[in-house]
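Residues per chain, in single letters:
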Amino acid sequence: MSRRLLVTGGAGFIGSNFVHHWCQHYPNDRVVVLDALTYAGNRANLAGLEERENFRFVQGDICDRSLVDRLLQTENIDTITHFAAESHVDRSILGPGAFVQTNVVGTYTLLEAFRQHWQANSQPANYRFLHVSTDEVYGSLGADDPAFSETTPYAPNSPYSASKAGSDHLVRAYYHTYELPTIITNCSNNYGPYQFPEKLIPLMCINTLMGKPLPVYGDGKNVRDWLYVGDHCSALDVVINRGAPGETYNIGGNNEVENINLVQMLCELMDELAPELPVHPAQNLITFVKDRPGHDRRYAINATKIKTQLGWTPSVTVAEGLRLTVKWYLTHHDWWQPLLSEEYQAYYQKNYVFSAS
Ligand code: NAD
Ligand code: TYD
């Protein structure tokens, strides 16, 4: 059975990887991308897809109810995959307002529009609203705490994670109140092609190429559970096709790494793969900087449920995924260079304090 998807945030990092995945695996499905093209959205991420007959890109805001209503009706959408969000913790600390607007109000707008569309069409059983969320809603773990499971209580600590938690609660409520067929996924840190240059892994690759300091927050011992973006997309695929409405699925890579170790692994890969680095070995560029306020210490995902119920496991180890990612950034200067804009430089100046340690 073919689907008609509305992919919000489909020009961002994970959204665009998902659209490539979906168009490759389900070439007969209709895919409509709705994206506001904020600083993080980039139409170049969709290169090669825009010529397809059953693909459409629409620039617009998920908070625009009449636009969303129109797209749901005219495109006869049965599946929303909702990626659109303000997604960067550091930016949420500098300016939380946009996070509440897009992540909470935007998700509410989509839910209301989809509810009315679903009801107007006599509540078809195949409709799905997939809400793509984060493990950060669960808060921070101590070194010996068990990994986050689907029943871990929410305890978000940043404006980003609080706004995502708010959106998760709304999605959950629409299932319980209206029986709208929603599903939530909470995923760990992603990395891979098309990730915006201000996030940790692309930032380290690009700064190394430019001979700029590699800023590591605090003592560098914060732990993240890294998942290659292609594995996230394959998990979302099984959730859309086999997940049960009303359920939450945690998605993670079983790849817990301290930030400083991750940066060292990246430096070694850069030394090996990049010709003529301005500073060699690259790890001479590592610079400890002032910590992020409220910096969560550790995230880790228990992905047993999606493994046992839906048969999904990640296929890429962190060593393989980092190698693929470094190679991608080394061969895609033309993709990332234009993104180092004035706006990017202004954000960079505001966010980093290089004098403190
Ligand atoms: P991203 O910042 O790269 O992309 C977000 C996209 O949403 C951009 O294309 C942007 O233009 C678009 N957008 C922002 N506001 C919009 C609005 N009001 N209307 C329409 N479009 C808008 O983010 P990402 O890293 O690809 O994350 C995608 C989703 O996955 C987010 O919901 C995020 O919370 C979640 N997530 C991300 C990670 C991660 O490690 N990056 C991990 C788990 C979950
Ligand atoms: P990030 O990619 O911003 O993801 P998140 O904060 O959502 O997990 O950062 C990943 C980790 O890397 C996080 O612990 C913060 C740290 N970090 C640095 O040490 N330096 C940096 O320049 C950045 C962007 C992040």
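Residues numbered from 1 in each chain as written. Chains lettered and ligands numbered in written order. Predicted model: local features only at pLDDT ≥ 70, side-chain atom pairs only at ≥ 80, totals over all residues. Heavy atoms only, no water.

Draft legend 1. Quick look at the site of ligand 1. In the vicinity of ligand 1 lie 28 residues, with Ile14, Asp35, Ser87, Tyr160 and Lys164 positioned nearest. A distance of 3.0 Å separates an oxygen atom of ligand 1 from a polar atom in the backbone of Gly12. At a separation of 2.6 Å, an oxygen atom of ligand 1 approaches a polar side-chain atom of Asp35. A total of 840 Å² of accessible area belongs to ligand 1 in isolation, and the protein chains cover 96% of it. The biggest single contributor to the shell around ligand 1 is strand S5 (residues 128-134), with three residues. Partitioned by chemical class, the residues of the shell around ligand 1 number 13 nonpolar, twelve polar and three charged. (Near = heavy atom within 4 Å. Polar contact = N/O pair within 3.5 Å; in protein donor to acceptor, adjacent residues only side chain to side chain. Areas by Shrake-Rupley, 256 points an atom, 1.4 Å probe, with all protein chains shown as cover. Helix = DSSP H or I, 4+ residues; strand = E, 2+ residues; numbered from the N terminus. Nonpolar A, V, L, I, M, F, W, Y, C, P; charged D, E, K, R; others polar.)

Draft legend 2. Local environment of the site of ligand 2. The immediate surroundings of ligand 2 are formed by 18 residues, with Glu136, Arg224, Arg292, His295 and Tyr352 found nearest. A distance of 3.3 Å separates an oxygen atom of ligand 2 from a polar backbone atom of Leu200. In the model, an oxygen atom of ligand 2 is placed 2.6 Å from a nitrogen or oxygen of the Tyr352 side chain. Considered on its own, ligand 2 offers 510 Å² of accessible surface; in the complex 97% of this is hidden by protein. It is strand S8 (residues 214-217) that provides the largest number of residues to the shell around ligand 2, a total of three residues. When grouped by side-chain class, the residues that make up the shell around ligand 2 number eight nonpolar, five polar and five charged.

Draft legend 3. Inspection of the packing of helix H4 (residues 97-120) against helix H5 (residues 159-178) at higher detail. Contact pair H4 / H5: the axes reach a minimum separation of 8 Å and the direction vectors enclose 15°. With respect to their mutual orientation, H4 and H5 come out roughly parallel. Judged by the twist between their axes, the crossing of H4 over H5 is right-handed. Here Phe99, Val100, Asn103, Val104, Thr107, Tyr108, Leu111, Glu112, Arg115 and Trp118 of H4 come into contact with H5, specifically with Tyr160, Ser163, Lys164, Ser167, Leu170, Val171, Tyr174 and Tyr178. Broken down by class, the residue content of the contact of H4 with H5 amounts to eleven nonpolar, four polar and three charged. (Axes fitted to C-alpha atoms, helices over the stretch in contact; angles between N-to-C directions. Parallel < 35°, antiparallel > 145°, perpendicular 65-115°, else oblique. Left-handed = near helix turned anticlockwise from the far one by under 90°. Contact = heavy atoms within 4.5 Å.)

Draft legend 4. Region of the structure containing the pattern of salt bridges. Scanning all chains against the criterion turns up 13 salt bridges. Across the salt bridge formed by Arg30 and Glu75, the nearest N and O atoms sit 2.9 Å from each other. Of the two residues, Arg30 sits in strand S2 (residues 30-35) while Glu75 sits in the loop between helix H2 (65-74) and strand S4 (79-82), which places them 45 residues apart along the sequence. Both residues of the pair, Arg30 and Glu75, count as buried. With a closest N to O distance of 2.6 Å, Lys305 and Glu247 form a salt bridge. Here the residue Lys305 occupies a position in helix H9 (residues 304-310), and Glu247 occupies one in the loop between helix H7 (229-242) and strand S11 (248-251), the gap between them amounting to 58 residues. When salt bridges with common partners are traced through the structure, they connect Arg4, Arg30, Arg56 and Glu75 into a single cluster. (Salt bridge = Lys/Arg side-chain N within 4 Å of Asp/Glu carboxyl O. Buried < 20%, exposed > 50% of the residue type's maximum accessible area, 1.4 Å probe, protein only.)

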